[in-house]
Structure formats: structure tokens, C-alpha cells
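A closer look at the structure
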Amino acid sequence: TCNQLTRHPYSFVRRHTIVATTRAPLHSQFVQTKLGQIIYSVPQIEIRREITRPTEPQNKKIIKYTIISLPLVYAITKLACLLAGCCQGFIYNGPLALKYPNINNESYFPIQIIEIILFIILFIYSNKNKNIKNIEFKTLILISLLKYILDYFRLYHINKIITKDQIFSIILLI
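Everything numeric in this text was worked out from a predicted model, so none of it was measured. (Residues numbered from 1 in each chain as written. Predicted model: local features only at pLDDT ≥ 70, side-chain atom pairs only at ≥ 80, totals over all residues. Heavy atoms only, no water.)

With that out of the way, let us pick up the overall build of the chain. Check the secondary structure of the chain and you find five helices and two strands. Along the chain, helices (α) and strands (β) appear in the sequence β-β-α-α-α-α-α when read from the amino end. Every one of the 174 residues in the chain was classed for burial, and the buried ones make up 24%. In the chain, of all internal contacts separated by at least 6 residues, the share reaching a separation of at least 24 is 46%. Total accessible area on the chain stands at roughly 13000 Å², and carbon and sulfur atoms take up 67% of it. (Helix = DSSP H or I, 4+ residues; strand = E, 2+ residues; numbered from the N terminus. Buried < 20%, exposed > 50% of the residue type's maximum accessible area, 1.4 Å probe, protein only. Contact = heavy atoms within 4.5 Å. Areas by Shrake-Rupley, 256 points an atom, 1.4 Å probe, with all protein chains shown as cover.)

With that out of the way, let us pick up the side chain of Ser107. Considering the arrangement of structural elements, one finds Ser107 in the loop between α2 (57–84) and α3 (111–128). Residue class for Ser107 comes out buried when judged on its relative accessible area of 7%. Sequence-distant contacts of Ser107, defined by excluding residues within four places in its chain, comprise Phe90, Ile91, Tyr92, Asn93, Ala97, Leu98 and Lys99.

Our focus in this paragraph is the packing of aromatic side chains. Scanning all chains against the criterion turns up eight aromatic pairs. Taken together, a centroid distance of 5.0 Å and an interplanar angle of 15° make the contact between Phe90 and Phe109 stacked. Residue Phe90 is found in the loop between α2 and α3, and its partner Phe109 is found in the loop between α2 and α3; the two are separated by 19 residues along the sequence. When its relative accessible area of 23% is taken as the criterion, Phe90 is described as partly exposed. (Phe/Tyr/Trp six-rings, centres within 6.5 Å; stacked < 30°, edge-to-face > 60°.)

This part is about the nonpolar core. Ranked by size, the top nonpolar core spans eight residues in total: Tyr74, Ala75, Phe109, Ile111, Phe119, Leu122, Ile143 and Leu150. Here the element with the most residues in this core is α3; it accounts for three residues. Not counting residues up to four positions away in its chain, the partners in contact with Ile143 are Leu70, Pro71, Phe119 and Leu122. If you look at the next biggest cluster of nonpolar residues, it comprises five residues, including Leu82, Tyr100, Tyr108 and Ile116. (Core = buried A, V, L, I, M, F, W, Y, C linked by side-chain atoms within 4.5 Å.)

Inspection of the secondary structure puts Lys78 in helix α2. For the buried Lys78, which has no salt bridge, the nearest side chain bearing the opposite charge is Glu115, at an N-O separation of 4.3 Å. Setting aside residues no more than four positions away along its own chain, Lys78 makes contact with Cys87, Gln112, Glu115, Ile116 and Arg154. (Lys, Arg positive; Asp, Glu negative; His and termini not counted. Salt bridge = Lys/Arg side-chain N within 4 Å of Asp/Glu carboxyl O.)

The next subject is the pattern of salt bridges. Counted by the stated rule, this structure contains two salt bridges. Between Glu115 and Arg154 there is a salt bridge, with the nearest N and O atoms lying 2.5 Å from each other. Separated by 39 residues along the polypeptide, Glu115 in helix α3 and Arg154 in the loop between α4 (135–150) and α5 (164–173) bring together distant segments of the chain. Both residues of the pair, Glu115 and Arg154, count as buried. Of the charged contacts in the structure, one is a salt bridge between Arg154 and Asp151, with a shortest N-O distance of 3.5 Å. This pair shows no difference in class: Arg154 is buried, exactly as Asp151 is. Among the charged side chains, a network of salt bridges with common partners joins Glu115, Asp151 and Arg154.

Moving on, we come to unusual backbone geometry. In this structure, Cys87 is a non-glycine residue whose phi angle is positive, near 55°. Mapped onto the elements of the fold, Cys87 is located in the loop between α2 and α3. A relative accessible area of 25% places Cys87 in the partly exposed class. Phi at Leu96 takes a positive value of approximately 65°, unusual for a residue other than glycine. With respect to the secondary-structure elements, Leu96 resides in the loop between α2 and α3. Of the residues examined, Leu96 reaches a relative accessible area of 68% and is grouped as exposed.

Here it is as C-alpha cells:
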């Protein structure tokens, strides 16, 4: 018969677990699988439609506040870079020069400190002006410009015309 009750040999719960098994033809299993995929995909399509609906005010608000918070997130990551000793500025012996104990005896330009300060200022500005129309686009433009300009002060920018980060900043501006 197609549906019969058998004792499942690999039961981990109890030795006497009863499992219903089906022995449907191969083409029927294919149809059941495809039908399951279709049934599963319908709610997924509807959820995606709701999330990406451009006229939905709730989604715009989520995107807006996410973009406004990006400068703060970036400032926190630069604090981590400062503490870890990565993403150094170019070799520099002027005021506020940084020396890292784990790296050679060179002094470096304090680019991480400057980035932390500028991006916190940008976060405060964006947060205070969150009711201005299109503040999220202005924030993205300022993030891109700051990233592009500040990348020139990094150690890895020496002997390069443009870096990958600067290319990404240009793409974000477009």
C-alpha cells in the first residue's frame, strides 16, 4: 500500500516510535516538492514586497534612521582601529603623532582620531537635523566625501593614485 505505518528503525526518541511513510511514485514526489516550493515562496514574495515598498512610510523611516546612525557606527569602528593599531595614518612626527607599541618605532598621523571626531560631529549634525527633508541623502554624501578625503592621510595610500575605499566612496556618491 502507499501509506502504511511502520516502526522507524532510526528513532532517537523511543524505540517504539511509529512513523507514517509514503511510497509515492517519483513524478509525484517531484510535484509535491515543487508544490511545497511554490507554497513556501508566496509568503516570501509578499514579505519582500512589504519590506521594499518605496511608498511605505515605516520603511522610509527605518532606512532614514539607519543612514543617520552610520557616522556613529563608523566612529566606533575607528576607535577599535585606534586601539588595535591598524588603519594608521602616514608616517608623521608632528603634533598628536601616534606611536604604537606593537609596531616599529615610527610615529603616525592620527587619522583615526580625526575620523572619530569628524564622524561624531556628522552624527550629531544629522541627528539634530533629522526632520530636514532628505537628510539621509545629505548624510550619505557627507560620509562619502569625508571617507574619500580622509583616505589620502592613510599609510596605505602612499604611492597610489586612488584606493578601493575611494572608489567605493565615488560609487556611493553616484
